[in-house]
Amino acid sequence: MNYFCYFTHSVFPSKAGSPLSLSCDSPSSVSPTYFGPLRGPPTSGTLSSPIAPSSGSQIIYNHYGQGDAQNGPATTAGYMQRPPVSQPYMSTTSQPVNQLPAHQQYGPPATTSSQQLTNQMSGLQITGPPTTTGPLPPGQGFGPPASHPSSSGNFHATTMAYAPYSTANVPQSQFSTANASHPPYSNANASHIPHSNLSQGPPPSGMPQTPAATMGSQGISSTKTAFSGPPPQLYSVPPSGSHSTPPASTGIPPSAFPSSVGSQRPSVMQGPPLPGQTLSGPQVSQPNHVPPSSSQMGISGMSPGPPISGLQGPPAVAPTQQGFPPQQNGSFGQVRGPQPNYSGPYPATPNYGSPVAPPPAPPPQKRLDPDSIPSPQLNEMSSQPKSRHRIDPDAIPSPIQVIEDDRANRSTEPFSTGVRGQVPPLVTTNFVVKDQGNASPRFMRCTAYNMPCTSDMAKQSQVPLAAVIKPLAVLPPEEMPPYILDHGESGPVRCNRCKAYMCPFMQFIEGGRRFQCSFCCCVTEVPPHYFQHLDHTGKRVDYYERPELSMGSYEFLATVDYCKNNKLPEPPAFIFMIDVSYNAVKSGLVNLLCEELKTLLDYLPREGSMEETAIRVGFVTYNKVLHFYNVKSTLAQPQMMVVSDVADMFVPLLDGFLVNVNESRTVINSLLEQIPEMFADTRETETVFGPVIQAGMEALKAAECAGKLFIFHSSLPIAEAPGKLKNRDDRKLINTDKEKTLFQPQCNFYSNLAKECVTQGCCVDLFLFPNQYIDVATLGYIPYHTGGSVYKYTYFQVPADGERFLNDLRRDVQKIVGFDSVMRVRTSTGFRATDFFGTFYMSNTTDVELAGLDCDKTITVEFKHDDKLSEDTGAFIQCALLYTSCSGQRRLRIHNLSLNCCTQLADLYRNCETDTLINFLAKFAFRGVLNNATKTVRDTLISQCAQILACYRKNCASPSSAGQLILPECMKLLPVYLNCLLKSDVLQPGADTTTDDRAYLRQLVTSMDVAETNVFFYPRLVPVHKMDVDSDTVPGAIRDSEERLSKGGMYLLENGLNLFLWIGVNVQQSLLQSIFNLPSFNQIDPNMSALPLLDNPWSKKLRDVIDAFRAQRPRYMKLLIIKQEDKLELLFKHFLVEDKHVNGGASYVDFLCHMHKEIRQLLS
């Protein structure tokens, strides 16, 4: 190899670049949870197409007649519609929408003596509805409305005043969910079903409980109203002063379970529970994302990566209840009316509600005493010994039940997008989308599909109005990717005034010669080449032949007018920049990476039928200085050029730095062989970082192309250079006013550099391998603002972490990316986009600029009213993304969505989506910690959600006792998910959570889609020992609580970043033998990172399930083996989010009581 040293910079282009001048307007979004098959380690150098070729699945549009790709308004018969004013998006094409009846008749359950006996034994009685209902107690009304601060904006340090739960000031808590469909004060046909109360502790572990038994500590009332829609489900506990006359009681007397002072449930189970048996164990609530403690780090081979976050997508296979008894899992009681979004009761549970033979009478009702339940801020007060009553966890809303109900009711039929304002299935449901005029929910999801007509109504409800947009989402194989349309040199047809692109919402008038824009109402002449006659309904006769008129998502080929300097772009380039300091070399990283790149370069993204990729590649290594490599195809050996003047960075060569992979294959392989050898004996421990990014950006500028830098970095950059950092890690700042500085970059150097990178179209993906503090908040700033990604592998060791790193790298290199992107969101008159969340840069108030946007990234947009909206016309959103494809083609991707508008709050609450709402609130909060104390952010979240629920109670629910907690059906999971968010490591860190981990998670969540945040905040927990090895299905998930675990069981938990396999001490020997090939629990090695490959059904099934979980997530999840009572079990318990947090976060039950108290304070 030849070595040259350059210390001058005379022959290189000026660093001043032309400003970004783009005449584009908007982006598009695509976001599925299907990622395609991930390539395994290559076995040869043969070319094969990458996992997700950016255009391989796209079709250049020429004619339109593809069977299922039906256009126009869908026939919605058979689809579950929420009852309100859903209507077709175009008045000219309205078709009848068949809706299911608001109330369905339920058949009687099969009442068996064994069922009754089980109910009696567990103290949970099921009675038929009484024939009459007494009037409300006098004096129970609603107070004046509280003033409502704006739904987002500034945090106020004194938003919430937390008072401890004392016997003096806490309401009697009664829980109920109700559907938003009831008009105020409509209380006809209310039926109350009293239940006994396990108020003084759990039943002995040996006593079986019927799985269908519900609400232990509350009476449950289900009210039917004259309004259409499902009946509300009320779970209430009468206040101690009320005298509801329960039926004569039989069963376990109140004294059967001793009262205890905050005592934990004893863990006495010695094997798998009997069918229906609840599992007992200490209630230990753990933080949401805890990295391993220092004591755990020293374990040989055990190098847990960063705490991780994840997404919950449709599972690869439909879950099943096979192999274990169905659990009610905290649904709101036996009477489950038809719910919005759900066609009927969960099939695995009996149907109750029809006249049935009266079951045994329950014992006397016991009272819930929320006054004795401690406040969520357990770390701020000492515990006081006093007797405490318990709420039955099975009687409060269960995420598992809601997920299973939605899967059962909405996974069988395709979701057609032809009707305006349809609420899509949950992100956890496997469903197929048919684009018939609105964008797929994989591209765009909203917090509310029925917008309030006025700003006053929006402020009163406090429900944030937002959309989570994933413009380049990958669609599953059974769905058609967006068509690519070529309108020639004239480009796409647009509105003259607001520049909105032609879409299904435009109205053609005057025989088709003009069209009226649905966004600004301006009338525009139709260009002669685009003219077409209208049919008798007012639609163009080529309506079904043009995707832009009949589909919600499509792409236009952009003309030179949409390009920088009116010049078509060059194909993008990838530059691999490798840290070769002592830490990186000794960990094995450099050798592993160079070996992988030899084959990975065969899998660079390509489009359609392209035989080889158009992307060029370059290589740089660095420590305190930078080494550039000339790998021109005509050279016999690569040439190294060293730049030691890092204070004034330049690129020492142009020709030979960025090359075609196939042409320079021999030289590149020679370089990758030599790099590990050249630096094998290095003693250089210091690194630079800022000049590395500057060098990559200058190389792209010199080549006049956009591209991506892949930087592999191992330590805090302390060498003398621009962007030098110091160690500022200080845990003493946690929970102080200065804590926010831990999330901010150290210096302005990186913010200025980020702006330059965006202007040049230079996206940065950063792979970190730290052994100590590395300042993720600063190093991650440029990836964050250029649309890039950060990957973190703490204490990297090849045996333990190599597989995760290589899988992440393969997917990152191969995935679809749009370069040099600009996105704009347009709305119809009456509201507008006011705030944006995600990994991007904004130089003005409307354009979201991204050096790169990949298929996993989302941009979240918040909307505010600037005028009134109309119920008749609805609300329209158009997202347009201008980007350069991996082949160098300039494109516009368009996504359109139409929403309903309402004048009644009940219609708003009936059409909300909690998963999307939590996604928005998480991003809003995680941005808030940059400028506010975390306690202020937590208080703001609780305040806003309390106001959302109080507004519903005041304006939409039937009048009832103030002691009842009434939740909207669509938002009944808001408290549990909000509590998970509040306990996350960003907002409430554990003792072992590093500041780097918190900064990493904050940046990670900011660009997550709804499926990722769903599983990140509420992980999926699956009982492995209940798998049916002869079936393709996965056992149904269970709730995230230690009470649900059995000492004789084995459980798999995923949160999108990590996988945990928890093994109980009493697990069956045959199961251990099948999965680990070991005879006993004690012989299991907790440091193993992969399961042995055994030829038996149990081993194959479990490995298939793990592979299926990994395929659904954008990041590779490392498997950690957790043995019960082992020191690593604390890490696992961290993710049992329904339990109490060791750092002060409340359990789900306690937080629900706290929310009830906040709501009552707002109403009083």
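Residues numbered from 1 in each chain as written. Predicted model: local features only at pLDDT ≥ 70, side-chain atom pairs only at ≥ 80, totals over all residues. Heavy atoms only, no water.

Draft legend 1. Representation of the packing of helix α16 (residues 934-955) against helix α17 (residues 974-982) within the structure. α17 packs onto α16 with a crossing angle of 175° between their chain directions and a minimal axis gap of 11 Å. The pairing of α16 with α17 is recorded here as roughly antiparallel in orientation. Of α17, the residues touching α16 (which contributes R938, L941, I942, C945 and L949) are L974, P975, L978, L981 and L982. Residues belonging to the contact of α16 with α17 are distributed by class as follows: nine nonpolar, no polar and one charged. (Axes fitted to C-alpha atoms, helices over the stretch in contact; angles between N-to-C directions. Helix = DSSP H or I, 4+ residues; strand = E, 2+ residues; numbered from the N terminus. Parallel < 35°, antiparallel > 145°, perpendicular 65-115°, else oblique. Contact = heavy atoms within 4.5 Å. Nonpolar A, V, L, I, M, F, W, Y, C, P; charged D, E, K, R; others polar.)

Draft legend 2. Representation of the pattern of salt bridges. Enumeration over the complete set of coordinates arrives at 44 salt bridges. D907 is the partner of R910 in a salt bridge, and the nearest nitrogen-oxygen pair spans 2.8 Å. Residue R910 and its partner D907 are located together in helix α14 (residues 905-910), separated by three residues, close to a single helical turn. Residue class for D907 comes out buried when judged on its relative accessible area of 9%. The closest approach of N and O atoms between D939 and K935, which form a salt bridge, is 2.8 Å. You can see D939 and its partner K935 sitting in helix α16, four residues apart, about one turn around the helix. Classification of D939 as buried rests on a relative accessible area of 1%. Among the charged side chains, a salt-bridge network with shared partners connects R811, D812, K815, D854, D856 and K857. (Salt bridge = Lys/Arg side-chain N within 4 Å of Asp/Glu carboxyl O. Buried < 20%, exposed > 50% of the residue type's maximum accessible area, 1.4 Å probe, protein only.)

Draft legend 3. Structural detail: the packing of aromatic side chains. Following the criterion strictly, the structure yields 35 aromatic pairs and no others. Judged by centre distance (5.5 Å) and plane angle (75°), the rings of Y554 and F556 are edge-to-face. In this pair, the class of Y554 matches that of F556, namely buried. Ring plane angle 80° and centroid distance 5.1 Å describe the contact between F769 and F796, whose orientation is recorded as edge-to-face. Placement of F769 in the loop between β25 (762-768) and α11 (776-779) and of F796 in the loop between β26 (790-792) and α13 (798-814) is noted, with a sequence separation of 27 residues between them. Judged by relative accessible area, which is 4%, F769 ranks as buried. According to the relative accessible area criterion, F796 is buried, its value standing at 6%. One residue, R1020, lies across the ring of F1109, its end atom 3.8 Å from the ring centre. (Phe/Tyr/Trp six-rings, centres within 6.5 Å; stacked < 30°, edge-to-face > 60°. Lys NZ or Arg CZ within 6 Å of the ring centre and 35° of its normal.)

Draft legend 4. Broad picture of the environment of I774. Tracing the backbone shows I774 in the loop between β25 and α11. As a C-alpha pair, I774 and P717 span 57 residues in sequence and 8.0 Å in three-dimensional space. Those residues within four positions of I774 in sequence are excluded, and the remaining contacts are H713, S714, S715, L716, L768, L779 and D996.

Draft legend 5. Representation of the nonpolar core in the model. Judged by nonpolar contacts, the single largest core of 152 residues is most densely connected at L626, F628 and I711. Among the elements that make up this core, the one with the highest residue count is α16 (ten residues). Apart from residues lying up to four places away in sequence, L626 is in contact with V620, T621, M641, V642, V643, V646, M649, V688, P691, V692 and A695. (Core = buried A, V, L, I, M, F, W, Y, C linked by side-chain atoms within 4.5 Å.)

Draft legend 6. Representation of unusual backbone geometry. Positive phi is not limited to glycine here, since N566 has a value of about 50°. For N566, the location among the structural elements is in the loop between β18 (553-557) and β19 (573-579). Even without being glycine, E1125 reaches a positive phi, approximately 70°. Here E1125 shows up in the loop between β38 (1118-1123) and α22 (1129-1133). Overall, the relative accessible area of 58% leaves E1125 in the exposed class.

Draft legend 7. Quick peek at the sheet that holds strand β16 (residues 514-516). The strand order β15-β16-β17 describes an open sheet built from three strands, whose pairing is antiparallel. The outermost strands of the open sheet, each flanked by one partner alone, are β15 (507-509) and β17 (523-525). Mean inter-strand twist for the sheet, computed between neighbouring axes without regard to direction, equals 30°. Both β16 and β17 contribute to a ladder of three bridges, which runs antiparallel. Across the sheet, the residue bridging to R514 is E525, located in β17. (Pairing = 2+ DSSP bridges.)

Draft legend 8. Up close: the confidence of the model for the chain. For the chain, per-residue confidence averages 76 on the pLDDT scale, and residues scoring 70 or more make up 66% of the total. Counted against residues more than four places away or in other chains, residues 156-175, with its pLDDT under 50, gives 86 contacts. The low-confidence segment residues 179-388 (pLDDT under 50) makes 722 contacts with residues lying over four places distant or belonging to another chain. (pLDDT = per-residue confidence, 0-100.)

Draft legend 9. Molecular detail of the pairing of strand β31 (residues 875-884). Judged by how many residues are buried, β31 sits mostly within the fold: ten of ten residues are covered. Side chains A875, I877, C879, L881 and Y883 project from β31 onto one buried face, and the interleaved F876, Q878, A880, L882 and T884 project onto a second face that is buried too. Pairing between strand β27 (residues 817-827) and β31: seven bridges, direction antiparallel. Within β31, the residue paired with M823 across the bridge is L881. Bridge analysis of β31 against strand β32 (residues 890-902) gives ten bridges, and the strand direction is antiparallel.

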